[in-house]
Amino acid sequence: MLAEALVADVLARARRGGASFAELYVERWKRRALRVLNGEVKEATSGREYGAGLRLFYGTEVAYAYTNDLTPQGLHDAVEYLVRAKGTAGRVDHRGAGGVDFRRAAAAGLHLPQVPHDDQPRRYRLDRLREADAGARVAPEIVQVEGTLQEWEQDVLVANSDGTWTEDHRVRTRLSVTAIAQDGRTVQTGVAWEGLSVGLELFDHHPPREVGRRAGTQALTNLRAHPAPAGTMPVVLGNGFGGVIFHEAVGHLLETTSVAKKASVLSEMIGEQVASPVVTYVDDGTIPHGWGSSEFDDEGAPTQRTVLIERGVLKSYMVDRWGSLLTGYAPTGSGRRQDYTFAPTSRMRNTFITAGDTPLEALFRQVDDGLYARAFRGGQVRPGSGEYNFGVQEAYRIRRGQIAEPVRGAMLVGKGPETLRRIVAVSTDLRTGSGMCGSLSGSIPAEVGQPHVLVSELVVGGEST
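The structure reproduced in this document is the subject of the present report.

Calculation notes
- Residues numbered from 1 in each chain as written.
- Predicted model: local features only at pLDDT ≥ 70, side-chain atom pairs only at ≥ 80, totals over all residues.
- Heavy atoms only, no water.
- Helix = DSSP H or I, 4+ residues; strand = E, 2+ residues; numbered from the N terminus.
- Rg over C-alpha atoms; globule rule 2.2 N^0.38 Å.
- Buried < 20%, exposed > 50% of the residue type's maximum accessible area, 1.4 Å probe, protein only.
- Contact = heavy atoms within 4.5 Å.
- Areas by Shrake-Rupley, 256 points an atom, 1.4 Å probe, with all protein chains shown as cover.
- Lys, Arg positive; Asp, Glu negative; His and termini not counted.
- Charge placed at Lys NZ, Arg CZ, Asp CG, Glu CD.
- Polar contact = N/O pair within 3.5 Å; in protein donor to acceptor, adjacent residues only side chain to side chain.
- Expected span 1.5 Å × (residues − 1).
- Core = buried A, V, L, I, M, F, W, Y, C linked by side-chain atoms within 4.5 Å.

## Regarding the overall build of the chain
At step 1: Each helix and strand in the chain was counted, giving ten helices and 23 strands.
At step 2: Relative to the globule expectation of 23 Å for 465 residues, the C-alpha radius of gyration of the chain, 24 Å, shows essentially globular dimensions.
At step 3: The principal-axis extent of the C-alpha atoms belonging to the chain is close to 80 × 55 × 35 Å.
At step 4: Burial analysis of the chain (465 residues in total) assigns 53% to the buried set.
At step 5: Partitioning the intrachain contacts of the chain with sequence separation of at least 6 by distance along the chain shows that 74% fall at a separation of at least 24.
At step 6: For the chain, the accessible area works out to roughly 19500 Å², and carbon and sulfur atoms hold 48% of it.
At step 7: When the 53 positive and 56 negative side-chain charges of the chain are each reduced to one mean point, those points stand 2 Å apart.

This is the structure:
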C-alpha cells in the first residue's frame, strides 16, 4: 500500500527524533451493508477508508497520531507532531550497512474467502435476506422481520523500526436476523446471527432460512413463556454465545490493559487456581475462518493459540507490545484495534471454554430444580472486579433433570471469577458465536464460545418465586 522507501523514511525520522521504537500501521477498508425490513430494502450502504496510524515509544511512554493523508508530506507532518528528541537510528555506515531492515512476513491466505464479495450482484444478497425473512415466519404471530448483511474487506500493512513488515488481507461477512412476535398487547423479540472470516460462502455454512427460523422460533418461544423464577439456583449456561458472560466478566480481566495497571482481580496470579479444575479457557486467533481470526495482529505479530486457564490454573494473560514492556510477559499476538484511528491494545480474538467430558444429558440430570439460560442479550460488567448482570434472551426451567417450560425476563447476577469456580460440569458440545467487542481500542470482531456448562449456583433475577 506504501512504498518501502517511504515507510523506511517515516520510521527513520521518528527514530532520529528520539523514539525508542516506531510503528506505522496502514489500512484500506471496504465495507458494505444491506438492511431489509419485511422483505423490502431499507438501507444499502458502502464505503471505503484509507489511513495510517503512527505510534512512537519513548521507553514505556507512548505517543500516537493518525492521518488519512498518505502522501510523503502528510506522513512527515504526523511524525513531526510526535517527535520529541534526536537519535541516530536508521542511518547507514560508510559501507552502506544499517538502516531499517524490513524482514517481510507474508500471509499464507489461511482465512481467504472461497466466494469473494464481488463475485455476486446486489440482487443475490437481497434474495438471501428474503430467504431469512421467510424462514423467520414460523407462525402467524411473527409480525416483523429485519435482516442485515454486513461485508468487510480490510488490507493491513504493519511496519516497525524492529524490521517487521507484515501484510494481511481480512474478509468478514455477517448475517443477523431479528423477529418480532405479537399476541394482543404482548410483544417479544427473537434474534439470531452468524459471522465468519469468509466471503459469501457464509450462506453455505449457515443457510439464511435456518438463521431466520432460529430468530422466529425464539420470538415465538418468548411470547408463550412464563415469568422467570427469582432466587439462587443451579444454572446451565447454553453453548455458543453463552460464553459472552466469561468474555465480559473474565476475559477482559486477563488483558494486560487491566493487568499492567493492577486494575484486575486476576493480576499477578499466574500459577494460581482461579477456576474450577474442569475449566480450561483459551484465546485462539488461528482458528481457520474464525470471526476474530487473522494471520497477524495489528502490531504485525503472528497470532497464536494462548491457553489462559488450564484445568483451573491461570497460565497466561493476553499481551500486546506495550503490555509486555510494562509487565515483562511475552507478547501473545493480541494487539488489536478497530481501525487506524485507534492505537492497539491487548484484546481477545476467539475466546472459549474448551470441551469437557460430561455428556449433555448427564449434565442436565444433575439439576433437580434450576434454570437453563440458552441465549443471552446485553449486560453490564464492572471493570476490574468482573461483577456482572446479564439479561437472558431465551430460558427454560429445569425440573428433575429435564428441560421444562420456557420462561422470560430472567437476569443473571454474579462475579466472573467466582462463577468460574462454581462450574461443576462441562459438556462436550463446544460451539462459538460471533460478536462485536467494545473496549479501549474500539469495536472489533471477537468470537466467544463454550460447551454447555453447569454452575452450581447463581443469583437469578426474575418475576416469580
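Now that the structure has been shown, we can carry on.
## Things to note about the side chain of Thr221
At step 1: Tracing the backbone shows Thr221 in helix α5 (residues 208-223).
At step 2: A relative accessible area of 15% places Thr221 in the buried class.
At step 3: A distance of 2.8 Å separates a polar atom in the side chain of Thr221 from the backbone oxygen of Thr217.
At step 4: The contacts of Thr221, once residues within four sequence positions are left out, are Tyr396 and Pro406.

## Details of helix α3 (residues 122-136)
At 3.6 residues per turn, the α-helix brings residues three or four places apart onto the same side.
At step 1: Taking 1.5 Å per residue as the helical rise, α3 with its 15 residues ought to reach 21 Å, and the 22 Å between its terminal C-alpha atoms agrees with that figure.
At step 2: When α3 is considered as a whole, its buried residues turn out to be Arg125, Leu126, Arg128, Leu129, Ala132, Asp133, Gly135 and Ala136.
At step 3: Where α3 is buried, its residues contact β1 (21-37), β2 (40-58), β5 (142-160), β6 (164-183), α4 (202-205) and α5.

## As for the nonpolar core
At step 1: With 44 residues, the main nonpolar core has Leu237, Phe246, Leu254 and Leu412 as its most contacted residues.
At step 2: Counting residues per element, the ones that place at least two in this core are β9 (231-237), α6 (244-249), β11 (305-310), β16 (369-381), β17 (387-399), β20 (423-426) and β23 (453-461).
At step 3: With residues near it in sequence (within four places) discarded, Leu254 still touches Val259, Leu266, Tyr281, Leu308, Ile309, Leu314, Tyr317 and Met318.
At step 4: Among the nonpolar cores identified, the runner-up in size contains 25 residues, and Leu126, Ala192, Leu200 and Ala215 belong to it.

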